[in-house]
Amino acid sequence: MNGWIIMDKPVGLGSTQAVAAVKRVCREAGLGKVKVGHGGTLDPLASGVLPIALGEATKLCGRMLDASKVYDFTIAFGTETAGLDAEGDVVATSDVRPRLPEIAAVLPRFTGPIEQVPPAYSAIKIDGERAYDRARAGERVEMKARAVTIHSLRHAGLDPASIAEGAEWTPAQVRGDESGEAERLVSITLTAHVSKGTYIRSLARDIARAVGTVGHVTMLRRTKAGPFALDQAISLDKLNAFGQGAAQSEIFLPLEAGLVDIPALDLSPEAAGAIRQGRVWTGGSTQDGLYWGRDADDRPVALIEVLAGTLKVVRGFNL
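Residues numbered from 1 in each chain as written. Predicted model: local features only at pLDDT ≥ 70, side-chain atom pairs only at ≥ 80, totals over all residues. Heavy atoms only, no water.

A. Structural view of the overall build of the chain. Within the chain, the secondary structure is distributed over nine helices and 19 strands. Looking at the chain as a whole, 46% of its 319 residues qualify as buried. For the chain, the share of sequence-separated contacts (at least 6 apart) that also reach a separation of at least 24 residues comes to 73%. Surface accessibility of the chain: about 15,500 Å² in total, with carbon and sulfur atoms responsible for 48%. (Helix = DSSP H or I, 4+ residues; strand = E, 2+ residues; numbered from the N terminus. Buried < 20%, exposed > 50% of the residue type's maximum accessible area, 1.4 Å probe, protein only. Contact = heavy atoms within 4.5 Å. Areas by Shrake-Rupley, 256 points an atom, 1.4 Å probe, with all protein chains shown as cover.)

B. Structural detail: the nonpolar core. Residues Val-22, Phe-73, Leu-153, Leu-203, Ile-207 and Leu-239 are the most contacted members of the largest nonpolar core, which totals 47 residues. Per-element tally for this core: the top contributor is helix α1 (residues 15-28), with six residues. For Leu-239, the residues in contact, after removing those within four places along its chain, are Ile-5, Met-7, Ala-21, Val-22, Val-25, Ile-234 and Ile-251. By size, the runner-up hydrophobic cluster in this structure holds 17 residues, among which are Leu-60, Leu-255, Ala-257 and Trp-292. (Core = buried A, V, L, I, M, F, W, Y, C linked by side-chain atoms within 4.5 Å.)

C. Structural view of the pattern of salt bridges. Here the structure, examined in full by the defined rule, presents twelve salt bridges. Close ionic contact of Asp-43 with Arg-201 constitutes a salt bridge, the shortest N to O distance being 3.7 Å. In this pair, Asp-43 is assigned in the loop between β2 (36-38) and β3 (47-54) and Arg-201 in helix α7 (residues 200-210), connecting sequence segments 158 residues apart. Taking the relative accessible area as the measure of exposure, Asp-43 reaches 32% and is therefore partly exposed. Salt bridges linked by common partners bring Arg-276, Asp-295, Asp-297 and Arg-299 together as one network. (Salt bridge = Lys/Arg side-chain N within 4 Å of Asp/Glu carboxyl O.)

D. Region of interest: the pairing of strand β12 (residues 215-225). Alignment of β3 against β12, held across two bridges, turns out to be parallel. Bridge pairing in β12 links Ser-47 to Arg-221. Sheet topology note: the strand β4 (residues 69-77)/β12 ladder contains nine bridges and is antiparallel. When the bridges of β12 are listed, Ile-75 appears paired with Val-217. Examined bridge by bridge, β12 and strand β13 (residues 228-229) share two bridges and lie antiparallel to one another. Of the residues in β13, the one forming a bridge with Lys-224 is Ala-229. (Pairing = 2+ DSSP bridges.)

E. Broad picture of the sheet that holds strand β17 (residues 289-294). Taken together, five strands build an open sheet; the order of strands is β15-β17-β18-β19-β16 and the sheet is mixed. With one partner strand each, in any of the chains shown, β15 (264-266) and β16 (281-282) form the two edges of the open sheet. Bridge analysis of β15 against β17 gives three bridges, and the strand direction is parallel. By the bridge assignment for β17, Ala-264 is matched with Trp-292. Together, β16, β18 (300-307) and β19 (310-316) form the strand contacts of helix α9 (residues 269-276), whose direction differs from that of β18 by roughly 95 degrees. (Axes fitted to C-alpha atoms, helices over the stretch in contact; angles between N-to-C directions.)

F. Here's a closer look at the packing of aromatic side chains. Within the structure shown, the criterion is met by one aromatic pair. Consider the rings of Trp-4 and Phe-228, whose centres lie 5.1 Å apart with planes at 55 degrees: the pair is tilted. You can see Trp-4 sitting in strand β1 (residues 3-9) and its partner Phe-228 sitting in strand β13, a full 224 residues away along the chain. Summarising the burial analysis for this pair, Trp-4 and Phe-228 share the class buried. (Phe/Tyr/Trp six-rings, centres within 6.5 Å; stacked < 30°, edge-to-face > 60°.)

Here it is in C-alpha cells:
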C-alpha cells in the first residue's frame, strides 16, 4: 500500500482521528500494519480535502504540508469569538453590518503577500507549549505576526476589479452611505487560495475589522490541497466500506497522484539504478528543476533535483 486516500473529512473529526480511521480500516481489510500520515491538519470544525498518505507516499507529506490550499469559508458579522470560530466565547460585538461593495473594496488589501496574527487558539508552539493550551489555561497569549501569501480571494458574483473601475457600483455604495442600495449582510462566503501557514480564521477576523465590524468563521471547507481536489475525495462511510470488502480502486490513488504538479522524468535503466542507490547521476540534458523520476515500468523512483545536467536524489521511493 503505497499511495493516497483523499478523505472528505467531516466536521467533528480531527486529522489525527482520520489517520487512525485509515489505519483501522487497513487492518480490517487484511493489509496489516501500514505506515500512515496526513498532508495538512484540518481543525475538527472544518471539513473537506484531507490527503492521507500510505507507505512510501508518506515521504511526500512534508511537500504536501508546504503546498498551497483552497478554502471556502463563511464570516458571520457582529460577533468575534476567542477562537475566531463558532465554538469560542464571544469577546467582542458590533451592530455594524457591511454591504457587499464595502467588502469588495477591502479584499485587495488581503490579496498577495500579507502579514497576519494567528489565533491564540492555534497549534503554534510558544516556549515549547501549544498556544491553545496556554489560552485554555487562561493565559493572555501574544501571537507574533507571520508572513503569508493570499494567491486569490473572491466571492461568487463579486469582481473587485470592477469595483476599482467603478463599473458596477457607485462611490456611495462602496463607501456604504445610507443612500446606497446594497443590502447589509449578516454573513458572507468567500473562497481563498492561500499559502502554507495561513489561518483562515485570522483572515476572516481581519476582513471583518477592515469593514468596521467584527466577525468569526461559521463554516470552513477545504476544497483543494496541493494537487488534490474534492472530486477525488471519499466520505468516511466509503472508507469504512473498504474495511468491509469494497474494491481498493474505489478509494486508493497511486503515489504519483501526489506528483502531478511537477514534471516526470524518464530514467534509463542505468540512471534508475544509480538513483535507487542514492547516487548522483551525471550526463543528463534536462532543464534544471524539480522532477519525479520514473523507470521503464512507469514506477516512481525518486524526487529528483536537476542542476547543470546532474541528477540528485531529493527523496527516494522503495517501490
